Amino acid sequence: MQFIDLKTQYSQLKEKIDSNIHKVLDHGQYVMGPEVIELEQKLAEFAGTKYCVSCSSGTDALVMALMAYGISEGDVVITTPFTFIATAEAIKFVGATPLFVDIDKDTYNISPEKLEQTLTSIADKESTIHDSICTDIGKIKAVISVDLFGLPADATEINRIAKKHNLIVIEDAAQGFGGAIDGKRAGSLSDIGCTSFFPAKPLGCYGDGGAIFTDCEETAARLKSIRVHGQGEDKYQNVRLGLTGRLDTIQAAVLLPKLEVFETEIEQRQSVAESYSSQLRDIEGLTVPSVQAGYVSAWAQYTLMAKSEEHRSQIMEHLKSNNIPVAVYYPIPLHEQKVFESLGYQSNDFEVSSFAAKRVFSLPMHPYLRNEEIEHICKLIKEL
Ligand SMILES: *Cc1c(COP(=O)(O)O)cnc(C)c1O
């Protein structure tokens, strides 16, 4: 069994993917070819935004979004410590400083209540655990919310709180793309949305890739300029710093047929998740993922919480010894990572994140997981 099975999907889409790749080899427009433009139009339509700017990876999508808003040295950007390193890395990369706000214990996403408390106490000049990073509310420029494990963060609350303090909200939908809140799709939930097409993400290509979503024409234009070395009106006119941030035409060619089946795959992911939860819900000491009413998760991961670190090891060992792949996302919250040591946080500053890091684990999850496989995994967990 595989943790994420990419081969079954390929065998089902092989004809279209192969012929699409060959079309690119034949026309030879390897960079910014017609497939890239077509994909951007279809992605924007899917996400429900006016513009989509494809790019080289999910990490670059975040970097480009931050650059498009002019966020740089001296600025502070709020995010969650319970996410993939890239979220906070992008903030550091543009020269800004990440300020962490703890997660909600049920959704694993940044807690709107704690976000509001943090902003209010910094604005009121009260002493906080963030004193080494920021005591001046004016320095805080943006919030990066993360749709962890595929579940959209509470965009309504986050947008409302951010607006009060004049902050941009960047949605990191690298795991959430395909999810939605009340029918509004992930990637379109805040000012700007970023996603990744890394192979293991809900919508993945066969290499690295990403995309940025926005309704703002000016921002889209700036992103397109940043994507090619800060290009101006003319190819050899450079008006700002940029990067080599393009999505390969071959990757767009791979993504086009995958996007056609994406909605169906998201539904298949729902039934896998529902099947898992119905069989695991009543096990003592095990917490199944919660999805609030109106929310659709893209189920990038199916993540359970054990009652203790020992309990988690026990289940994981048992599954591994029966050849079931399992993984921990994420064993070390970002405020405890060496790369962020200089921020000055203490390991117990974000209790919920640290609690989750010690107890969560993820089961195999992909649209092609068969009922027998799900039952087998659940039976192994139940027999412990
Ligand atoms: C995967 C991921 C990224 C980075 O995407 P890449 O395409 O690997 O650069 C950013 N944020 C989150 C939450 C991710 O899961």
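Since the model is a prediction, treat every value here as computed from it, not as a measurement.

Caption draft 1: Main features of the side chain of Asp147. Looking at where Asp147 falls in the secondary structure, it is placed in the loop between strand E4 (140-146) and helix H6 (155-164). Setting aside residues no more than four positions away along its own chain, Asp147 makes contact with Asn109, Pro152, Ala153, Glu171, Asp172, Ala173, Gln175, Gly176 and Ala186.

Caption draft 2: Local environment of the side chain of Ser308. Within the secondary structure layout, Ser308 lies in the loop between strand E11 (302-305) and helix H9 (309-321). With relative accessibility at 18%, the residue Ser308 sits in the buried group. In this structure the side chain of Ser308 is engaged in a polar contact, spanning 3.4 Å, whose partner is the side chain of Glu310. Here the side chain of Ser308 touches His311 through a polar contact of 3.0 Å, landing on its backbone nitrogen.

Caption draft 3: Highlighting the site of the ligand. Around the ligand there are 13 residues in total, and Thr59, Asp172, Gln175, Ser196 and Lys201 lie nearest to it. Within the contact set of the ligand, an oxygen atom lies 2.8 Å away from a backbone nitrogen or oxygen of Gly58. Computed on the free molecule, the ligand has an accessible area of 380 Å², of which 93% lies beneath the protein chains in the complex. Of all the elements in the fold, those that place two or more residues in the shell around the ligand are helix H3 (58-68) and helix H4 (85-93). The class makeup of the residues in the shell around the ligand is four nonpolar, seven polar and two charged.

Caption draft 4: Broad picture of the packing of helix H8 (residues 249-280) against helix H11 (residues 371-382). Interhelical geometry of H8 versus H11 gives an angle of 30° and a closest axis separation of 10 Å. On the basis of the axis angle, H8 is roughly parallel to H11. Between H8 and H11 the crossing geometry is right-handed. When H8 is examined against H11, the residues Val272, Ser275, Tyr276, Gln279 and Leu280 are found in contact with a partner set consisting of Asn371, Ile374, Glu375, Ile377, Cys378, Ile381 and Lys382.

Caption draft 5: View of the sheet that holds strand E3 (residues 97-100). Taking strand neighbours across the sheet as the criterion, the seven strands line up as E1-E9-E8-E5-E4-E2-E3 in an open arrangement whose pairing is mixed. The open sheet has two edge strands with one neighbour each: strand E1 (51-55) and E3. On average, each strand axis in the sheet is inclined to that of its neighbour by 25°, with strand direction left out of account. Bridge count for strand E2 (residues 76-79) against E4 is three bridges, and the pairing is parallel.

Caption draft 6: Broad picture of the packing of H3 against helix H7 (residues 217-227). Here H3 crosses H7 at 120°, and the two axes come no closer than 9 Å. Compared by their axis directions, H3 and H7 come out oblique. The handedness of the crossing between H3 and H7 comes out as right-handed. Together, Met64, Ala65, Met67 and Ala68 of H3 and Thr219, Arg222, Leu223, Ile226 and Arg227 of H7 make up the contact between the two elements. By residue class, the composition of the contact of H3 with H7 is six nonpolar, one polar and two charged.

Caption draft 7: Main features of the environment of Ala186. Along the polypeptide, Ala186 turns up in the loop between strand E7 (184-185) and strand E8 (192-196). Classification of Ala186 as buried rests on a relative accessible area of 0%. C-alpha of Ala186 to C-alpha of Leu247: the two residues are 61 residues apart in sequence and 20 Å apart in space.

What counts and how
Residues numbered from 1 in each chain as written. Predicted model: local features only at pLDDT ≥ 70, side-chain atom pairs only at ≥ 80, totals over all residues. Heavy atoms only, no water. Helix = DSSP H or I, 4+ residues; strand = E, 2+ residues; numbered from the N terminus. Contact = heavy atoms within 4.5 Å. Buried < 20%, exposed > 50% of the residue type's maximum accessible area, 1.4 Å probe, protein only. Polar contact = N/O pair within 3.5 Å; in protein donor to acceptor, adjacent residues only side chain to side chain. Near = heavy atom within 4 Å. Areas by Shrake-Rupley, 256 points an atom, 1.4 Å probe, with all protein chains shown as cover. Nonpolar A, V, L, I, M, F, W, Y, C, P; charged D, E, K, R; others polar. Axes fitted to C-alpha atoms, helices over the stretch in contact; angles between N-to-C directions. Parallel < 35°, antiparallel > 145°, perpendicular 65-115°, else oblique. Left-handed = near helix turned anticlockwise from the far one by under 90°. Pairing = 2+ DSSP bridges.

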